[in-house]
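Spelled out from the first residue to the last, the chains are:
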Amino acid sequence: MNPVTSRNQAYAREIAARAVPGLPADFRWGVATAAYQIEGAAAEDGRTPSIWDTYCRVPGMVVRGENGDVACDHYHRMPEDVRLIADLGVDTYRFSLAWPRIQPGGRGPANAKGLDFYKRLLDELEAGDVTPWITLYHWDLPQELEDAGGWPARDTAYRFAEYAALAHDAFGDRVKHWTTLNEPWCSAMLGYAHGNQAPGRKDFGAAVRAVHHLLLGHGLAARHIRGTAAARGDALELGITLNLGTATPETDSHEDAEACRRADGMGRRLYLDPLVKGVYPEDVVADLALQGVALPVEEGDLEVISTPLDVLGVNFYRGALFSGVTEDGSPVDADGLPVTRGVERDLPRTAMDWEITPTALTDLLVGLEADYGLPTVVTENGAAFDDTVAEDGRIHDADRTTYLADHVDAVAAARAAGADVRGYFAWSLMDNFEWSYGYDKRFGIVRVDYDTQERTLKDSALWYRDTIRLTRNTDHD
Ligand code: IFM
């Protein structure tokens, strides 16, 4: 039985009421998307290819060889999509700008037609009373910059700062919320070490250089944006978004504690320590040195990287259990170095085969507060499930509703425990191009029929709308 249908609003209200306590009326509710995943219009109005356009064309890299050429056709259906967002009652829409649309080829002046599209988007959002939240970089590096070395090359950081300046100069008077990078861990590690995201390179040393240059690019952009906003008197809330999880040891052994230290080091502290404290974590630097790899830090870089942040964006999907030994308990190493092994648990999973671990979100947010003390916003959280369209034409995605409700509860619990969490954005507004998985995995609270481009609110979207309404009307703080 599906628990949340439009005919069963009582149940939806029950779940919503469960999610409300602890969240104040001014809590920020949003939905999020990213340019390459929804826009389509890949070759229109001067946009040039990004690394994802190229990667999608490499046989075997993306399920069924799919790509973002058309995606959700958002570029042409944007006003309709914004109406959908406004009708959900969210106050914020987080979207990314396509670098190759705004600055084709990654160098030179801004492309007026590219800027125009986002100007029209801002107009529509304003008309719908929805606050824009811009992400400058959600993985679509102009291909020309990859050809010149990509993120492992220092120059890319300066190119990013130049593009960020073009974008902020154009929209800074209308947009207060700016995120520089989305999930630099993915750009660096999946793109340059694992090779399962664009540009598909497999070179750990290059990935570590990419980490530093992404952070440097962030810092250079942040400095410019801060300076211009202050000079122009523009309101500004500036941040970066990281994909973060939790690392829990399987046992209380030294090996498992070390495995978690390494995982947390490479996944969380390698980014947050330089961003917030202006230093790279010594233990991670030492681990990298053992692997013959170094961060290419130059004088003054860490000062730039630690330009003050107003908010930390947290993308959360799952926590993980780690061990430092093999399944039969024997110590193990690879090339003489200790390994970190993810341990599978008997937990419910999403269609991505990701374990569902809502309490890990509470732990993560509370831990971030303790370690870094920055206000946070959950800039992405959500789940892919194998949705079906029922005979009544609706999508009764109770699994997604439950996932979202449990994670909203987890945010409320983190706030109750003292974490300054100020918002929650569902990933994603609508089904879209899920990178190497193509269109197979559906994360949307709105269904997209890719044959007709018809949008249909799933039950989870109705639940989200009701939850937001109830929270606004019930201030618990
Ligand atoms: O779709 C992605 C998004 O682009 C970045 N964060 C994770 C999502 C789900 O995999």
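A quick note: this is a predicted structure, and the numbers were derived from the prediction, not measured.

1. Topic: the pattern of salt bridges
Okay, step 1: Tallying each qualifying case throughout the model produces 41 salt bridges.
Okay, step 2: R174 is the partner of D123 in a salt bridge, and the nearest nitrogen-oxygen pair spans 2.6 Å. Taken as a pair, D123 in helix α6 (residues 112-127) and R174 in the loop between α8 (155-171) and β4 (177-182) lie far apart in primary sequence, 51 residues in all.
Okay, step 3: Taking relative accessible area as the criterion, R174 reaches 31% and is therefore assigned partly exposed.
Okay, step 4: As a salt-bridge pair, R349 and D353 come within 3.4 Å of each other at their nearest N and O atoms.

2. Concerning empty space enclosed by the protein
Okay, step 1: Taken as a whole and assessed by the stated rule, the structure comprises three cavities of 30 Å³ or more.
Okay, step 2: Reported here for the largest cavity is a volume of approximately 70 Å³.
Okay, step 3: Around the largest cavity, the lining residues are I51, W52, Y137, W139, W151, C186, S187, Y192, Q197, A198 and P199.
Okay, step 4: Of all the secondary structure elements, the ones that give two or more residues to the lining of the largest cavity are α3 (51-56) and α9 (184-194).
Okay, step 5: Sorting elements by how many residues they give to the lining of the largest cavity places α9 first, with three residues.
Okay, step 6: Here the lining of the largest cavity is composed, by residue class, of nine nonpolar, two polar and no charged.
Okay, step 7: Here the second largest cavity is characterised by a volume of approximately 40 Å³.
Okay, step 8: Lining of the second largest cavity is provided by A35, Y36, E39, G40, A42, R47, G68, A98, R101 and D140.
Okay, step 9: Its residues assigned to classes, the lining of the second largest cavity shows four nonpolar, two polar and four charged.

3. Some thoughts on α9
Okay, step 1: Within α9, nine of the 11 residues are buried, which leaves it mostly tucked inside the rest of the structure.
Okay, step 2: Taken together, the buried positions of α9 are occupied by P184, C186, S187, A188, M189, L190, G191, Y192 and A193.
Okay, step 3: At its buried positions, α9 is contacted by β3 (131-137), α7 (143-147), β4, α10 (204-232), β5 (237-243) and α11 (254-277).
Okay, step 4: Directly beyond the C-terminal end of α9, a positive phi value near 80° is found at G195.

4. Remarks on the packing of aromatic side chains
Okay, step 1: Within the structure shown, the criterion is met by 28 aromatic pairs.
Okay, step 2: Geometrically, the ring pair formed by W52 and F433 is edge-to-face, given 6.3 Å between the ring centres and 80° between the ring planes. Here W52, found in helix α3, pairs with F433, found in the loop between β13 (421-427) and β14 (446-449); they are 381 residues apart in sequence, far enough to count as distant.
Okay, step 3: Under the relative-accessibility criterion, F433 is labelled buried at 0%.
Okay, step 4: Summarising the aromatic geometry, the rings of W139 and W435 are spaced 4.6 Å apart at their centres and angled 45° between planes, so their arrangement reads as tilted. In this pair, W139 sits in the loop between β3 and α7 while W435 sits in the loop between β13 and β14, placing the two residues 296 residues apart along the sequence.
Okay, step 5: Judged by relative accessible area, which is 6%, W139 ranks as buried.
Okay, step 6: In this structure W435 comes out as buried when scored by relative accessible area, which is 4%.
Okay, step 7: In textbook terms, an aromatic cluster arises when at least three aromatic residues are bridged by ring pairs, as seen for Y36, W52, Y55, W139, F433, W435, Y439 and Y450.

Basis of the calculations
Residues numbered from 1 in each chain as written. Predicted model: local features only at pLDDT ≥ 70, side-chain atom pairs only at ≥ 80, totals over all residues. Heavy atoms only, no water. Salt bridge = Lys/Arg side-chain N within 4 Å of Asp/Glu carboxyl O. Helix = DSSP H or I, 4+ residues; strand = E, 2+ residues; numbered from the N terminus. Buried < 20%, exposed > 50% of the residue type's maximum accessible area, 1.4 Å probe, protein only. 1 Å grid on protein atoms, 1.4 Å probe; cavity = no way out; pocket = protein on both sides within 12 Å on 5 of 7 lines; lining within 4 Å. Points joined across faces, edges and corners; volume = space filled by probe spheres on them. Nonpolar A, V, L, I, M, F, W, Y, C, P; charged D, E, K, R; others polar. Contact = heavy atoms within 4.5 Å. Phe/Tyr/Trp six-rings, centres within 6.5 Å; stacked < 30°, edge-to-face > 60°.

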